[in-house]
Amino acid sequence: MQQIINFIIRNKNFLLYMLLLTISLGFTIQSHSFHQSRFFNSSNWMTGNIYNASHGVSSYFELQKENKALVDENKRLRKLLFNFDLEDTLKLDSIQLTYTITPAKIIKNSYADHRNYITINKGSNDSVKIDMGVITDQGILGIVENTSNNFSSVQSILNEKSNINAKIKNTDHFGSLVWDANNYNVVQLIDIPKLVPLLVGDTIVTGAMSSIFPENIPIGTIKKFDLDVSENFYTIDITLFNDMTNIQNVYVVSNADKKEIQELETQTEAND
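In this text the structure is predicted, and so the values were computed from the model without any measurement.

Quick look at the sheet that holds strand 4 (residues 140–147)
Then comes step 1: One closed barrel accounts for six strands, arranged 1-2-5-4-3-12; its pairing is antiparallel. Going from strand to strand, the sheet's axes swing by 45 degrees on average, the running direction of each strand aside.

Section: unusual backbone geometry
Then comes step 1: We note that Ser127 has phi near 70 degrees; this positive angle belongs to a residue other than glycine.
Then comes step 2: Structurally, Ser127 can be placed in the loop between strand 2 (115–120) and strand 3 (133–135).
Then comes step 3: In this structure, Glu231 takes a positive phi of about 60 degrees despite not being glycine.
Then comes step 4: Take Glu231: it is sitting in the loop between strand 10 (218–227) and strand 11 (233–240).

Observations regarding the sheet that holds strand 10
Then comes step 1: Spatially, 6-7-8-11-10-9 is the arrangement adopted by the six strands of the closed barrel, whose pairing is antiparallel. Pairwise comparison of adjacent strand axes, ignoring direction, gives a mean angle of 40 degrees for this sheet.
Then comes step 2: Note that strand 7 (residues 174–178) and strand 8 (residues 186–193) share three bridges and pair antiparallel. Bridging from a neighbouring strand, Val178 pairs with Gln188 of strand 8.

Some remarks on the confidence of the model for the protein
Then comes step 1: Averaged over the protein, the pLDDT score is 81; the fraction of residues at 70 or greater is 74%.
Then comes step 2: Here helix 5 (residues 86–91) stands out as the element of the protein with the lowest mean pLDDT, 50, in contrast to strand 5 (residues 152–159), whose mean of 97 is the highest.

Here's the deal with a nonpolar patch on the surface
Then comes step 1: Among the surface-exposed residues, Ile4, Ile8, Phe14, Leu15, Tyr17, Met18 and Leu21 lie close enough to one another that they form a single nonpolar patch of about 640 Å² accessible area.
Then comes step 2: Residue assignment for the nonpolar patch shows that the elements contributing at least two residues are helix 1 (2–10) and helix 2 (12–31).
Then comes step 3: Top element by residues in the nonpolar patch is helix 2. It accounts for five residues.
Then comes step 4: Within the secondary structure layout, Leu15 lies in helix 2.
Then comes step 5: You can call Leu15 partly exposed: its relative accessible area is 35%.

Here's the deal with the pattern of salt bridges
Then comes step 1: Scanning all chains against the criterion turns up one salt bridge.
Then comes step 2: Residue Lys167 is joined to Glu215 by a salt bridge in which the shortest nitrogen-to-oxygen separation is 2.5 Å. A residue pair is termed long-range when its members are at least 10 positions apart, and Lys167 in strand 6 (residues 164–168) and Glu215 in the loop between strand 9 (203–206) and strand 10 qualify at 48 residues.
Then comes step 3: You can call Glu215 partly exposed: its relative accessible area is 39%.

Remarks on the packing of aromatic side chains
Then comes step 1: Taken as a whole, this structure holds two aromatic pairs when the rule is applied.
Then comes step 2: Note on Phe225 and Tyr234: the rings are 5.5 Å apart at their centroids and 85 degrees apart in plane angle, and the pair reads as edge-to-face.

What to know about the environment of Val196
Then comes step 1: Take Val196: it is sitting in the loop between strand 8 and strand 9.
Then comes step 2: In sequence terms Val196 and Thr171 are 25 residues apart; their C-alpha atoms lie 9.9 Å from each other.
Then comes step 3: Apart from residues lying up to four places away in sequence, Val196 is in contact with Ile168, His173 and Tyr234.

Some points on the side chain of Asn242
Then comes step 1: Along the chain, Asn242 falls in the loop between strand 11 and strand 12 (249–255).
Then comes step 2: Polar side-chain contacts of Asn242 include one of 2.9 Å to the backbone oxygen of Ile140.

Some remarks on helix 6 (residues 258–271)
Then comes step 1: Under the 1.5 Å per step criterion, the end-to-end length of helix 6 is 20 Å for 14 residues, consistent within 8% with the ideal 20 Å.
Then comes step 2: Counting buried residues in helix 6 gives one out of 14 residues, a small share hidden from the surface.

Section: the environment of Val144
Then comes step 1: Mapped onto the elements, Val144 comes out in strand 4.
Then comes step 2: In the structure, Val144 is positioned 12 residues away from Ser156 in sequence and 8.7 Å away in space, judged by C-alpha atoms.

Examining the pairing of strand 8
Then comes step 1: Two strands pair when backbone bridges link them, and strand 8 and strand 11 are joined in this way by seven bridges, in the antiparallel orientation. Each residue of the ladder has a partner; that of Ile190, found in strand 11, is Thr235.

Side note on the environment of Ile130
Then comes step 1: Within the secondary structure layout, Ile130 lies in the loop between strand 2 and strand 3.
Then comes step 2: Linking Ile130 and Glu145, residues 15 residues apart in sequence, is a C-alpha distance of 5.2 Å.
Then comes step 3: Contact partners of Ile130, with chain neighbours within four places excluded, come to Val144, Glu145, Asn146, Thr147 and Lys258.

How each quantity is defined
- Residues numbered from 1 in each chain as written.
- Predicted model: local features only at pLDDT ≥ 70, side-chain atom pairs only at ≥ 80, totals over all residues.
- Heavy atoms only, no water.
- Pairing = 2+ DSSP bridges.
- Helix = DSSP H or I, 4+ residues; strand = E, 2+ residues; numbered from the N terminus.
- Axes fitted to C-alpha atoms, helices over the stretch in contact; angles between N-to-C directions.
- pLDDT = per-residue confidence, 0-100.
- Patch = residues over 30% accessible without salt bridge, like charges linked within 9 Å, V, L, I, M, F, W, Y side chains within 5 Å.
- Areas by Shrake-Rupley, 256 points an atom, 1.4 Å probe, with all protein chains shown as cover.
- Salt bridge = Lys/Arg side-chain N within 4 Å of Asp/Glu carboxyl O.
- Buried < 20%, exposed > 50% of the residue type's maximum accessible area, 1.4 Å probe, protein only.
- Phe/Tyr/Trp six-rings, centres within 6.5 Å; stacked < 30°, edge-to-face > 60°.
- Contact = heavy atoms within 4.5 Å.
- Polar contact = N/O pair within 3.5 Å; in protein donor to acceptor, adjacent residues only side chain to side chain.
- Expected span 1.5 Å × (residues − 1).

Next up, the structure:
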């Protein structure tokens, strides 16, 4: 203990300088949007490389499990292909697809905080941009919030700020998918009117009101539902299809029509 005190006394000027430098940098970053942007981009690059190296070691021991998951996914895709109309299949190369997919891997995943973020190994060099959706073969995962050249941070659906359009499958009854931060396997669907017939086990999917996710991407099933304090709308607990604690392979979704939709909506609001 005495050695620690002696060290602090000997280096008090340097330690004071580092403390003041850290405080000043913090104030500078918080007060200027440009500095915030540069800070987050640099942070993404540095932490992304660290997480990528760590992920390389851990993923080696998960190869057998990952290979089985890929085999199962290929089986599902082949089933869809074999049941797809041959004439429509031949047309795929000649049409412009609304949604394009970029495969990526998770190198850092958090699910125990109130505001969880996921780091993936694809960034702006791979045409990944802010506000793109991220899904898995089981369902939705989140929305890209920041990018660097080679990495991106994704706001998980397990985040207090998350708000995604969702609906009851095979219906037009939609609401907002949120998270109450109580359980990493369960999210909530709100704003569903009490007149809507519900059953435990009903499937919840993405709605058509979003320009981020395609419609009908799986989310989960109804675990339970209750009326909110106004007794006009349901609060519905949804058990996720994704195991949010064990995800490796993901897909970043890009909507080619998103910019046009947003420009139209902005113009409409301006003319209102």
